[in-house]
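Spelled out from the first residue to the last, the chains are:
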Amino acid sequence: MAEFDNIYAEENPFVQAHFDCLSCGGKLWEYAIQGQMVCEDCRAVFPSGEIFDAQT
């Protein structure tokens, strides 16, 4: 079997986004693979596109 490096196995899939939660104002974390953002305070989940649209 061939060996390869899986960068996703070693890295945290969550990245702190530079956006505020639409519900409580907390900081959002983006889970880009699923196209969602999660608030670190109230745990609300938003589609990433909705957050990007709200910022423009």
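Everything here concerns the structure above.
Rules used throughout
- Residues numbered from 1 in each chain as written.
- Predicted model: local features only at pLDDT ≥ 70, side-chain atom pairs only at ≥ 80, totals over all residues.
- Heavy atoms only, no water.
- Core = buried A, V, L, I, M, F, W, Y, C linked by side-chain atoms within 4.5 Å.
- Buried < 20%, exposed > 50% of the residue type's maximum accessible area, 1.4 Å probe, protein only.
- Helix = DSSP H or I, 4+ residues; strand = E, 2+ residues; numbered from the N terminus.
- Contact = heavy atoms within 4.5 Å.
- Pairing = 2+ DSSP bridges.
- Salt bridge = Lys/Arg side-chain N within 4 Å of Asp/Glu carboxyl O.

Caption draft 1: Local environment of the nonpolar core. Membership of the largest hydrophobic core is limited to nine residues, which are Ala17, Phe19, Cys21, Leu28, Met37, Cys39, Ala44, Phe46 and Ile51. Taken together, the elements giving at least two residues each to this core come down to β1 (14–20) and β3 (36–39). When neighbours within four sequence positions are excluded, Cys21 is seen to be in contact with Gly26, Leu28, Cys39, Cys42, Ala44 and Phe46.

Caption draft 2: Region of the structure containing the pairing of strand β2 (residues 27–31). Two strands pair when backbone bridges link them, and β2 and β3 are joined in this way by four bridges, in the antiparallel orientation. Bridging across to β3, Leu28 finds its partner in Cys39. Connecting the antiparallel pair β2 and β3 is a turn made up of four residues, with Gly35 showing a positive phi of about 65°.

Caption draft 3: The environment of Pro47, seen in detail. Among the secondary structure elements, Pro47 is positioned in strand β4 (residues 45–47). Residues Pro47 and Gly35, twelve residues apart in the sequence, show an inter-C-alpha distance of 6.0 Å. In contact with Pro47, other than residues within four places in its own chain, are Gly35 and Gln36.

Caption draft 4: Spotlight on the pattern of salt bridges. Within this structure, the stated rule accounts for one salt bridge. We note a salt bridge from Lys27 to Asp20, for which the minimum N-O separation is 3.0 Å. Look at Lys27 and you get partly exposed, because its relative accessible area is 38%.

Nothing here speaks to function; it is geometry throughout.
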